[in-house]
Every structure is written in C-alpha cells, then in structure tokens.
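# Fold and geometry: a report
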Amino acid sequence: MLTLASKLKRDEGVKTGRAPGGPSDSSHRVSIRDRLLIKEVAELEANLPSTCEASFPDENKLHHFQLAVSPDEGYYQSGKFQFEINVPEAYNMVPPKVKCQTRIWHPNIAETGEICLSLLREHSIDGTGWAPTRTLKVMTIKSTLRPLCLSGASLRSHLVTTQPISLCNAYVTSSISSLPL
C-alpha cells in the first residue's frame, strides 16, 4: 500500500505539471482520512493473521474494502466470513462502519449484518467506544476476529455479558447457551 501513496503523489505531480515534492495546490488536497488510511492500511496488511485477507475493490479508494475471515479455531472454525468496511470522511473522529456480508448466527451480529460492539460506536455507555487513538488494525481484530474465534465455553461466557440485538439473536443466544462444552 505504500506504493499506492507514492503513485498518488506521482500522478498528482503529472496532472499539475509539478514535481511530486513541489508545493501543493489547495484544490488537490488529500483529506486527513486518506493520509491516515495510507499508513493504517499498510500496518493492517502487515499484521493480518494468515486466516484473514483484505481486498480493495478499487485500489484508489482505501476507505472502502472487504475483509475475508476464516477462523482456524473456536466455534466458527472452518467458516468463511466476509466483512465490508467503510471509513467515513470524518475518520478518525468517528468509527469505521463494519458490516458482515455473510449470514451468521452470532449474538453481536444482526440479521442485516450490522455489528453491535461498543468499539464501533461513537458514544458508548461503558466507555470502551471509538476513540481517535484507535486504528484500523485494532478495530479489525476486535470487531471481526475475536468474536469469530471464540470457543464454546468462551462464547457462552461472552453471551452472559452481551445483550442480543434482535429477536433472532436472542434465539441464537439461547441455542448456543444450551450447547455442551
């Protein structure tokens, strides 16, 4: 992804007839979000576990990407789950929007794919919501990997502290709670 940053600089210089290191034109400013994403996406890709793969439908839009997760342990082992991540223009003051594209029975994922975690909320009651100091790497690991890699016992203990977000998820919660360890 670092090559994308240099390619963007080079392309901008060619369009405006300036050298890439020259003074910037106010009409071609790169947003704060895009500057942060160049660094954070490179860090995310370097630190993704082997069970995950990030893909960018449009290489020039780092603010929209997919994450494929295939847990190798826990209750969802051998499953394949697709997540769509959209980073709003106001990032890093507001959290990225994460949606599960794969239909799954999980107490923190609604039937429509919305993920209910404090980390993905701008304001949360428990104080663990989004903060400008958080990064895509932290958000990705906590919102997609950790919930999918829970074992039966840890999933059951997770359910004790989690409120189901829909009637379907209440049924999921009761079904998973009754499974043997």
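Rules of the game
All chains use their own residue numbering, which begins from 1 and follows the written sequence. Totals for whole chains, interfaces and linings use every residue, but because this is a predicted model, local features are given only for residues with pLDDT of at least 70 and side-chain atom pairs only at 80 or more, for both listing and counting. Heavy atoms throughout the structure, all of them, feed into the side-chain values; hydrogens and water do not. UniProt positions are given in the numbering used here, feature names are shortened, and annotations may be inferred rather than shown by experiment. Here a Phe, Tyr or Trp ring, Trp counted by its six-membered ring, pairs with any other such ring whose centre lies within 6.5 Å, and the pair is stacked when the planes are under 30 degrees apart, edge-to-face when over 60, and tilted otherwise. The rule is simple: take the accessible area with a 1.4 Å probe, protein chains only, and divide by the maximum for that residue type; under 20% is buried, over 50% is exposed, in between is partly exposed. Think of it this way: any DSSP run of H or I at least four residues long counts as a helix, any run of E at least two long counts as a strand, and we number them from the N terminus. The rule for pairing is simple: two strands pair if DSSP sees at least two bridges between them. An expected span of 1.5 Å times one less than the residue number is assigned to each helix. Contact criterion: two residues are considered in contact whenever any of their non-hydrogen atoms come within 4.5 Å of each other. A 3.5 Å cut-off defines polar contacts: any pair of N or O atoms within that distance qualifies, except that in protein one atom must be a possible hydrogen donor and the other a possible acceptor, and neighbouring residues in sequence count only when both atoms are side-chain atoms.

- Naming follows an unreviewed UniProt entry, where the chain appears as E2 NEDD8-conjugating enzyme of Hucho hucho.
- Within the UniProt record for the chain, the comment given under Pathway (unreviewed entry) is "Protein modification; protein neddylation."
- Under Catalytic activity (unreviewed entry), UniProt gives the following word-for-word description of the chain: "[E1 NEDD8-activating enzyme]-S-[NEDD8 protein]-yl-L-cysteine + [E2 NEDD8-conjugating enzyme]-L-cysteine = [E1 NEDD8-activating enzyme]-L-cysteine + [E2 NEDD8-conjugating enzyme]-S-[NEDD8-protein]-yl-L-cysteine."

## Thoughts on the packing of aromatic side chains
- Tallied over the entire structure, the rule returns 3 aromatic pairs.
- Arranged with centres 5.2 Å apart and planes meeting at 35 degrees, the rings of Phe 56 and Phe 65 form a pair that is tilted. Phe 65 matches Phe 56 in its accessibility class, with the two residues each being buried.

## Focus on the pairing of strand β4 (residues 97-100)
- On β4, burial follows the alternation: Val 98 and Cys 100 on one face are buried, whereas Lys 97 and Lys 99 on the facing-out side are not.
- Pairing of strand β3 (residues 81-86) with β4, which is carried by 4 bridges, proceeds in the antiparallel orientation. Considered in β4, the bridge of Asn 86 is made with Lys 97.

## Examining helix α2 (residues 32-47)
- A rise of 1.5 Å per residue sets the reference length of α2, with its 16 residues, at 22 Å; its end C-alpha atoms lie 23 Å apart and thus fit the reference within 8%.
- Along α2, the positions that sit buried rather than exposed are Arg 33, Leu 37, Ile 38, Glu 40, Val 41 and Leu 44.

## So, the UniProt feature "active site" (unreviewed entry) in the chain
- The positions UniProt marks with the feature "active site" (unreviewed entry) are Cys 116.
- Mapped onto the elements, Cys 116 comes out in the loop between β4 and α3 (136-148).

## As for the environment of Ser 70
- With respect to the helices, strands and loops of the structure, Ser 70 is situated in the loop between β2 (64-69) and β3.
- Exposure remark for Ser 70: the relative accessible area of 30% places this residue in the partly exposed category.
- Sequence-wise, Ser 70 and Thr 51 are 19 residues apart; in three dimensions their C-alpha atoms are separated by 5.1 Å.
- Those residues in contact with Ser 70, other than ones at most four positions away along the chain, are Thr 51, Gly 79 and Lys 80.

## Focus: the side chain of Arg 33
- Note that Arg 33 resides in helix α2.
- The exposure class assigned to Arg 33 is buried, which follows from its relative accessible area of 8%.
- For Arg 33, the side chain forms a polar contact with the side chain of Glu 89, separated by 3.2 Å.
- Dropping the residues within four chain positions of it, Arg 33 is found in contact with His 63, Val 87, Pro 88, Glu 89 and Tyr 91.

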